[in-house]
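This is what each chain is made of:
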Amino acid sequence: MSFNNIIGNSRVKNILKKGLKRERVPNSLLFLGPGGVGKRETALVLAKAMNCLSKSDDSCEECANCRAINENKFPDVLVLAPEKDMIGIDEIRMLKQVAYLRPMVGKGRVFIVLEAEKMTEPASNSFLKILEEPPLFSHIFLTSRNPYLILSTVRSRCQILTFSQISRKDIQKELINNGYDEYKAGLISLLVKGNLEQAMNLKWEDVQSKRQRAWELFQALTGGKNAAGMFKKFFSSGKEFRKELEQILEILITLMRDLLLIKSSRGWELLLNPDYADKMGETAGVLSVEKSMAYLKLLESIHYSLQKRVNANLLVSSLFSEIIPG
Ligand SMILES: [Zn+2]
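Below you will find a few notes about this structure. The shown structure was predicted, so the numbers you read here are calculated from the model rather than taken from an experiment.

So, on to the overall build of the protein chain. Within the protein chain, the secondary structure is distributed over 15 helices and five strands. The principal-axis extents of the C-alpha atoms in the protein chain amount to approximately 75 × 40 × 25 Å. Counting only contacts in the protein chain whose residues sit at least 6 apart along the sequence, the fraction spanning at least 24 positions is 71%.

Right under this line is the structure:
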């Protein structure tokens, strides 16, 4: 993978390419941003580009150095990831020892510390001096999703590059390139919230089973059935509750939007769930526009509150007290 294959975050890539061209890549860099947007891949491409034998501002993927780094066999590029959910002081001590040794075969040593927020406090403290003044031939790249979990003393010693979520359009395009049709790609891109990695790993069968559950809830809500009982059945336990609820609500919202499009008899090509259009036609006949709008607003406000980390059980209760009194 080279910069050309990394989707999104053009601003970050351009900054790094400029730095590479001028041979001025900062020695301590912190890649900050949400999950699944390419922080690790970008750090690796940067490590390759710095050691590449044929290109100066990207990896060529063909030279001996690029290939060795891809196979994790290059002695001067080391990737450190949390073990048992933490990075301890021993790992950082080892990193420091190596960092002061001249590179063996490459142009420079590169250390990539993944999920740097998982460094223990002693590990972080032990890291400070070398982050502040690394040897000229050593570069340290940290990646993290959560800037607030990283000691401010670590943060302040690094130059920070901020990554953004990948746009829905880019994710959809990438899924289509990987064999999905437009409508499946559209739905998945909606569910993953800018997390390209998650989009690429989702199984369509899982998406379908969530859609089926959303559809059953849709029918229960719009048909005045015992939706509360269904919700409880779906979300009875487990810490996956919130994530599941969020994704099913996302789909439920698209179904409600589709219903309004069908009711207004326009925009059929805009439907996100065209395969449910026929079944939805029946509901569209009995539910007023005002009621459909009220459902949509309520579902959106619940979804919003869920993202604000409001207690999920309370939210489910509020859904039913407002939509179906009693
Ligand atoms: Zn190369």
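Here we come to the sheet that holds strand S2 (residues 77–80). Spatially, S2-S3-S4-S1-S5 is the arrangement adopted by the five strands of the open sheet, whose pairing is parallel. Looking along the sheet, the strands with just one partner apiece sit at the ends: S2 and strand S5 (159–162). If you compare each strand with its neighbour and ignore which way they point, the axes differ by 20 degrees on average. Of the strand pairs in this sheet, strand S1 (residues 28–32) and S5 are connected by four bridges, and their pairing is parallel. Looking at the pairing, Leu-32 lines up with Thr-162 of S5.

What follows deals with helix H7 (residues 168–177). For H7, the set of buried residues is Ile-171, Gln-172 and Leu-175. Around the axis of H7, the buried residues are gathered within 100 degrees of arc, so they sit on the same side. Seen from the open side of H7, the exposed residues pointing more than 90 degrees away from its buried face are Lys-169 and Asn-177. Those residues of H7 hidden inside the fold are in contact with helix H8 (182–191) and helix H9 (196–201). A positive backbone phi angle near 100 degrees is found at Gly-179, which sits one or two residues after H7.

Rules and cut-offs
- Residues numbered from 1 in each chain as written.
- Predicted model: local features only at pLDDT ≥ 70, side-chain atom pairs only at ≥ 80, totals over all residues.
- Helix = DSSP H or I, 4+ residues; strand = E, 2+ residues; numbered from the N terminus.
- Contact = placed C-beta atoms within 7 Å.
- Pairing = 2+ DSSP bridges.
- Axes fitted to C-alpha atoms, helices over the stretch in contact; angles between N-to-C directions.
- Buried ≥ 20, exposed ≤ 12 C-beta atoms within 10 Å, placed from the backbone.
- Arc of directions from axis to C-beta.

Geometry only, nothing functional implied.
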